[in-house]
Each structure stands twice: as C-alpha cells, then as structure tokens.
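These are the residues of each chain, in order.
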Amino acid sequence: MYNAYFLPSPMTPNECITFDPEKCIGCNTCVDVCRCDVLMPNPEKGKEPIVMYPDECWFCGACVSDCPKGACRLNHPVNQRIAWKRKETGEIFRVKYSYMK
Ligand code: SF4
Ligand code: SF4
C-alpha cells in the first residue's frame with residue numbers, strides 16, 4: 001500500500017507566467033505555442049489566458065517571444081534568480097552547474 005501526496009510548487013505558485021492586462025489582446029498565440037499546455041484561453045473574449053498548469057512550465061520562453069504585444073513575461077523560480085557577488089571584484093555571477101555551458 002502506497003500513499004500519494006500532492007504538494008504545491010513552493011517557488012512559483014500559479015505564477016510561472018504573468019500577463020499585462022493593459023497590453024494583452026487575448027489573441028491566444030501564447031496558448032497555441034506552448035508545447036506543455038500550461039495555458040488555456042480565457043472564456044471571456046479579449047482577456048489574457050489562464051495559467052492552468054503552472055507546474056508544467058519549462059520556462060522555454062516561447063510564449064513570451066511569440067506574443068505580438070509583449071504582454072507576458074516569465075516569472076522564474078526563486079532558485080533560478082539567485083546571483084552572487086564576488087567581494088574582491090564586485091562581479092555579479094550565477095552559479096553554473098556541469099550541464100550548463
Ligand atoms: S500572445 Fe500576448 S497578447 Fe496574445 S493572448 Fe498571449 S499574452 Fe495576450
Ligand atoms: S514558458 Fe514555455 S512552457 Fe512555459 S507557458 Fe510559456 S510556452 Fe509554455
């Protein structure tokens with residue numbers, strides 16, 4: 001017998017993508033280009049899409065780059081935003097892992 005648990009994403013709860021309602025025309029291009037089906041069209045015509053499955057987002061940026069109005073932007077997880085500063089030089093850098101080029 002196994003137990004199944006559902007845990008909320010602690011880093012980007014429901015906010016992997018944010019929309020600017022002033023700019024969005026509800027064209028749903030972002031919905032169409034998303035390969036992970038994170039977004040769904042808003043039932044109210046002309047309104048920004050609904051972020052349906054935020055935990056499925058790969059942060060590929062396709063929705064942002066194809067938006068004709070520049071109305072959406074990525075909301076990166078906190079652990080991907082951290083930068084470090086070298087005391088000696090003041091250089092700001094991000095930690096790179098072996099799989100990063
Ligand atoms: S592609 Fe841009 S303008 Fe079109 S629905 Fe998405 S956010 Fe809104
Ligand atoms: S960043 Fe990529 S995976 Fe995430 S919602 Fe946009 S198109 Fe979909």
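Residues numbered from 1 in each chain as written. Chains lettered and ligands numbered in written order. Predicted model: local features only at pLDDT ≥ 70, side-chain atom pairs only at ≥ 80, totals over all residues.

A.B. asks: Describe the overall build of the protein chain, with residues and values.
C.D. replies: Helix and strand content of the protein chain: 2 helices and 6 strands. The secondary structure elements of the protein chain, listed N-terminal to C-terminal, are β-α-β-β-α-β-β-β. Counting across all 101 residues of the protein chain, residues that qualify as buried make up 16%. Nonlocal contacts in the protein chain, meaning residues at least 24 apart in sequence, comprise 50% of its contacts between residues at least 6 apart. (Helix = DSSP H or I, 4+ residues; strand = E, 2+ residues; numbered from the N terminus. Buried ≥ 20, exposed ≤ 12 C-beta atoms within 10 Å, placed from the backbone. Contact = placed C-beta atoms within 7 Å.)

A.B. asks: Break down the site of ligand 1 for me, citing the residues and quoting the values.
C.D. replies: Close to ligand 1 lie 14 residues, the nearest being Cys 24, Cys 27, Thr 29, Cys 30 and Cys 67. In terms of residue class, the shell around ligand 1 is built from 9 nonpolar, 3 polar and 2 charged. (Near = placed C-beta within 6 Å. Nonpolar A, V, L, I, M, F, W, Y, C, P; charged D, E, K, R; others polar.)

A.B. asks: Talk me through unusual backbone geometry; I want residue IDs and the actual numbers.
C.D. replies: Unusually for a residue other than glycine, Asn 28 sits at a positive phi of about 65 degrees. Tracing the chain through its elements places Asn 28 in the loop between β1 (17–19) and α1 (29–33). Even without a glycine there, the phi angle at Phe 59 is positive, about 60 degrees. Topologically, Phe 59 is positioned in the loop between β3 (50–51) and α2 (62–66). Overall, Phe 59 belongs to the partly exposed group, with 16 C-beta atoms counted inside 10 Å.

A.B. asks: I'd love a proper account of the nonpolar core, names of residues and values included.
C.D. replies: One finds Ile 17, Cys 30, Val 38, Leu 39, Cys 63 and Cys 72 to be the most contacted residues of the largest nonpolar core, which totals 14 residues. Residue contacts for Cys 30: discarding those within four places in its chain leaves Leu 39, Pro 49, Cys 63, Asp 66, Cys 67 and Cys 72. (Core = buried A, V, L, I, M, F, W, Y, C linked by C-beta atoms within 7 Å.)

A.B. asks: So what's going on with the environment of Lys 23? Residues and values would help.
C.D. replies: Relative to the assigned elements, Lys 23 resides in the loop between β1 and α1. Distance in space between the C-alpha atoms of Lys 23 and Lys 69 is 6.2 Å, their sequence separation being 46 residues. With residues up to four places along the chain from it excluded, the contact list for Lys 23 reads Lys 69, Gly 70 and Ala 71.

A.B. asks: Give a description of the confidence of the model for the protein chain that names residues and reports values.
C.D. replies: Residues of the protein chain with pLDDT of at least 70 account for 84%, and the chain-wide mean is 86. Taking the mean pLDDT of every element in the protein chain, the minimum, 84, falls on strand β6 (residues 92–93) and the maximum, 97, on α1. (pLDDT = per-residue confidence, 0-100.)

A.B. asks: Explain the environment of Trp 84 to me, and be specific about the residues and the numbers.
C.D. replies: Residue placement: Trp 84 occurs in strand β5 (residues 84–85). Separated by 10 residues in the primary sequence, Trp 84 and Arg 94 have C-alpha atoms spaced 6.0 Å apart.

A.B. asks: I'd like a rundown of the environment of Gly 46, residues and numbers included.
C.D. replies: Looking at the secondary structure, you find Gly 46 in the loop between β2 (39–40) and β3. You can call Gly 46 exposed: it has 9 C-beta atoms within 10 Å. In the structure, Gly 46 is positioned 22 residues away from Cys 24 in sequence and 7.8 Å away in space, judged by C-alpha atoms.

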